[in-house]
Structure formats: C-alpha cells, structure tokens
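# Fold and geometry: a report
Residue strings, one per chain:
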Amino acid sequence: DEEPVDPSDELMFLCLGGGNEVGRSCHIIQYKGKTVMLDAGMHPAYDGLAALPFYDEFDLSTVDVLLISHFHIDHAASLPYVLSKTNFKGRVFMTHPTKAIYKWLVQDSVRVGNISSSSEQKVQLYTEADHLSTFPMIEAIDYYTTHTISSIRITPYPAGHVLGAAMFLIEIAGLKILFTGDYSREEDRHLISAEVPKNTKIDVLITESTYGIASHIPRVQREAQLMKSITDVLNRGGRALLPVFALGRAQELLLILDEYWSKHSEYQKIPIYYASNLARKCMVVYQTYVSAMNDNIKRLFRERMAEAEAAGDVGKGGPWDFRFVRSLKSLERFDDVGGCVMLASPGMMQNGVSRELLERWAPDQRNGVIITGYSVEGTMAKLIVHEPEQIQAIMTKGSNNPARRPGGPREGEQIMIPRRCSVQEFSFAAHVDGTENREFIEEISAPVVILVHGEKHNMMRLKSKLLSLNADKSVPAKIFSPANCEELRIPFKADKVAK
Ligand SMILES: [Zn+2]
Ligand SMILES: [Zn+2]
C-alpha cells in the first residue's frame, strides 16, 4: 500500500477529450491550487454538441490558463464555444501564426456550418459573432519566450507538425510539465522540427501517441511513392483526389507537387488545383510568417523574390506563390474535364468539397483517392481505405437530394455510390512515428509520462513498449493512458518547491 500523500502534493490530470482517442483534445492539469487547460478541440467524426470535449465534467471557471497547441480542428475548434458559452474566465495563449490562421479557419468553418452535417437537427455551437467577439481575448506569444500568469510559467517551443504548432513547457511551483501537442521531428520542406527544451529536467511529459509503435517509411521514399501514385492515376487519364485539411499539411504537399511539376514538363499541362476558400488568405499568412519557418523555405523565398523582382512582378513571388498550382474558391468555377490533381478539404471527407468530388469521381476506375493525413475512426477517410464496394452519398450543400427529409433518411432511401476508383494511403500527417516518439520520450526521460491523442490500440502498444524499457532503468517511469473523464492523481514529494 502507498503511503498517504498530502493532496496538495498531488498532480491532478483529467482528459475531457483526446483520452484513448484522436479528436476533441482537451486536458486539465491541477497542481498546488493552479489549473491549466491544454487545447480545446472538436471531434471530426461527431456532430454538434457530441463533437465537444466533456466540458460539463469540470468547472471551467477554475481554469487559470488555457494553452492552444496549434490550429487544427481537433485542438482549437471549440475555443469560441469555451469563450462564449461557458463560465471560463481564464487567459488564453497561442503562438502568433496559430492565432492568425485560427481566425480564418474558424470564420470559414462557421460559414460552411460548424453544424450537424448528417442530421437535419442542426446545432450551431457558436456563431461568427461569438468568434469575432472572443477573438481579441486570445493572447499571442512567441517561441522560447516565458510568460508568468498567476505564478504559472509557460514557454512555447516549436513542435513541427504545422505552422505555429507549439509544445508548451509549464512550470507550477517548481513542477515542470511538457505538453507536446501534435509534433513531428522529420525534415520538412518548410517547418522547423520539434526540439527538446535544453537543460530542463521535465517531471511530467504529456505526449501524443497517434501512430503508437508503427514506423513510417523514410521521407524520401514516401515522397517517391506518393508521386508515383499520383502520376499513375494521371497516366491512365484519371483524376487524383487528395483530401486535405484546408491548411497546414496541404502547404507541404503543394511544395512537393510544385517542385515535381517544375522538374517534369510532361505533366505541366495537367492542372493541380487547391480548392480552398482560404487559399488567398492563407497565402498571405504563410508569406508573413516565413521567418518562423526553416532555412529551406527562407532560401526558396529569397530566390523567388529575386526572380519576381527581376521580372518586374512587384507583389508576386515567394515560395507560396506556386507555379503550377491553381486556387479554386469553389467547385462552381471548376471545369471538370480531363485529368487533374485536386487538393480539397475537409481532409477526412466528412462533407464539403472533398466529399462532393469523392462521390462524383468514385464510380470511375481511372480515378484515384490518395489519403495523406491521419484518418480518425468513424470518418469517410478511414472507411474508404478498406476499399468498400459502395459508399454512402450525403446531401451536400446546394444539391437537392430528395432522399433526405427531416428526421433523416428512411430505410431504403439511402443512396449508395459504387466505388471503383483506386485508394491509397501515404502518411504526410507530420506526427512522430513509434520510433521517433520513443526516442523523444527517452531523451526527455521524465519520471511520469501521460499518453494522449491516440486510438486505444495504438496507445496500448506504445505503453507496453515504454514499460518494457523500464527494465533498463534504476527508477522506472510511470506510464499513464487515461480514458476521458478518468481523473489521475499523481503524488509528487515535497521536494518540488517554488524557487
Ligand atoms: Zn494536428
Ligand atoms: Zn491532432
């Protein structure tokens, strides 16, 4: 039996979302009377209130600080709800690029409807007005800069993954906690990869476990396979659909494609489309934050700007002004003839443009769907990799599908579409794989590791692997994998005293 511990020496950890799942990330940390909340996401496979973290299970008015790791839906999209519909009254922090992109992303998601897509009972979680009125409450901060808020010290570090993504180092009364958010460590075309905070002994590491112990094939090989897959589709006269999240990894894929097209003139007559309402706004943000990116993109930036200047193209140029990519604001302006490469959102084809194109293109075997992101359980992207014979049609905006009536489709009214297109999957999701994650965890060597952001089976495999590494240690690490709403209480001896 354990010795009784003074409750004031315990760290409390609670997942309101993202426990044994990928989606609706939200974690609570309490120590010495201070409360920190990590992320405020939505679940991409659910609609309306069901997509939210379990906010009812915790008194949000006690939160001192809320930290948002990056702009992805599963980490940031319920923030306007928290700020406008709950009793939360703490302070909110994110990095500058995250804040800039978050603004457009949320605005766009409200316009296309952050509402039920599959049922007629539309529940709007928040309005554009809620978003715009709460946006100024968000405080933007820089990497490597420490802020102290009611004696909680926070410092963001680059996390790779997407522009602006941060790992947060949090210090409460001497206890040091590192939250990775989503992170990556491989060389990318535009991002600075994640770094281990230097000369800092971490007591608690909260890390993602998306890929469990699975390992990615090397980047160079993966890119070659991706390009072969795309060109195979084009060579047989098909259309290649790449469902992507509107922003973030899409920019990396566009860099890869644009570079490949510039080296292979035989494909230059085949258009690459980037279908996003946000294309222009994003480009401005991406141009603005070139300084927050890696040396590769900075060099490309200088080269392109010099070329543009030499050609007298003032206001043009830069690495995000692609040579072979055309932006599409909507499908109304899209002339669907002949082969093409189409990057369209949303990434998991829950609804919207990517879903509409999937339904249009799936019956033709010349076409191909290429999944490059992480697909959450319960979404079309996850379903289609199993190559079903048929997929279910949904009513998309603007279509008058008579099969849909209030109360949902009745039995026998489901419209099914044959799936003859090819389906392939390559990971460009920019999450660490099993090996990279294990190496990072070993490097941090925190005595307490809490796994979040992973489907249960992946998380359990990683947990077993980490436990097996304990055999080589004098002090075994404690590894936790809490489910949602399962409160952890972790004792820390009184040696953690504020300096
Ligand atoms: Zn992410
Ligand atoms: Zn995520």
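Above this text you will find the structure in question.
Quick look at the structure, then. Here the structure is a predicted model, which means the values were calculated and not measured. Every chain is numbered on its own, with residues counted from 1 as its sequence reads. Here chains are named by letter from A upward and ligands by number from 1 upward, in the order in which they appear as written. Residues qualify for local features only when their pLDDT is at least 70, as the model is predicted, and side-chain atom pairs are given and counted only at 80 or more; totals for whole chains, interfaces and linings, by contrast, use all residues. As a convention, hydrogens and water are excluded, and side-chain values are obtained from all of the structure's heavy atoms.

## Some points on the side chain of Q107
Think of it this way: any DSSP run of H or I at least four residues long counts as a helix, any run of E at least two long counts as a strand, and we number them from the N terminus. Counting through the fold element by element, Q107 comes out in helix α3 (residues 96-112). The exposure class assigned to Q107 is buried, which follows from its relative accessible area of 10%. Looking at Q107, its side chain comes within polar contact range of the side chain of E128, at 2.8 Å. Only heavy atoms enter the contact rule, under which two residues are in contact if any of them lie within 4.5 Å. Contact partners of Q107, with chain neighbours within four places excluded, come to E128, H131 and L132. Burial classes follow relative accessibility: with a 1.4 Å probe on protein chains only, a residue under 20% of its type's maximum area counts as buried, one over 50% as exposed, and anything between as partly exposed. In protein, a polar contact requires one atom able to donate a hydrogen and another able to accept it; more generally it is a pair of N or O atoms within 3.5 Å, and residues adjacent in sequence count only if both atoms are side-chain atoms.

## Structural notes on the nonpolar core
Judged by nonpolar contacts, the single largest core of 70 residues is most densely connected at I230, L247, W261, Y274, Y286, V341 and L343. Tallying contributions element by element places helix α6 (residues 249-263) first for this core, with 7 residues. When residues no more than four places from it in sequence are discounted, the contact partners of Y286 are F71, I101, L163, H190, L247, G248, Q251, M293 and W320. The set of buried Ala, Val, Leu, Ile, Met, Phe, Trp, Tyr and Cys residues whose side-chain atoms join them within 4.5 Å is what this entry labels a nonpolar core.

## Regarding the coordination of the zinc ion (ligand 2)
Think of the donor list as every N, O and S atom within 2.8 Å of the metal, or within 3.2 Å for Na, K and Ca; water never makes the list, so a site can look incomplete. The protein atoms that coordinate the zinc ion (ligand 2) are D74 (OD), H75 (NE2), D182 (OD) and H453 (NE2), at distances spanning 2.2 Å. Mapping the donors of the zinc ion (ligand 2) onto the primary sequence yields the spacing D-H-x106-D-x270-H. Separating the zinc ion (ligand 2) from the zinc ion (ligand 1) is a gap of 3.4 Å, which D182 spans by donating to each of them. The pair formed by D74 and H75 is uniform in burial state, with each residue classed as buried.

## Side note on the sheet that holds strand β3 (residues 34-38)
Across the sheet, 7 strands lie side by side as β6-β5-β4-β3-β2-β1-β22; this open sheet has mixed pairing. Strand pairing shows two members of the sheet lacking a second neighbour, β6 (138-141) and β22 (488-491), which therefore form its edges. Adjacent strand axes in the sheet meet at a mean angle of 25° when their direction is disregarded. The pairing criterion is simple: DSSP has to find at least two bridges between the two strands. Pairing geometry for strand β1 (residues 10-17) and β22, over 4 bridges, is antiparallel. For F13, the partnering residue across the bridge sits in β22 and is L488. Axis definition: a line fitted to C-alpha atoms, over the contacting stretch in the case of helices. Angles run 0 to 180 degrees between N-to-C directions.

Without other data, these values stay purely geometric and don't point to any function.
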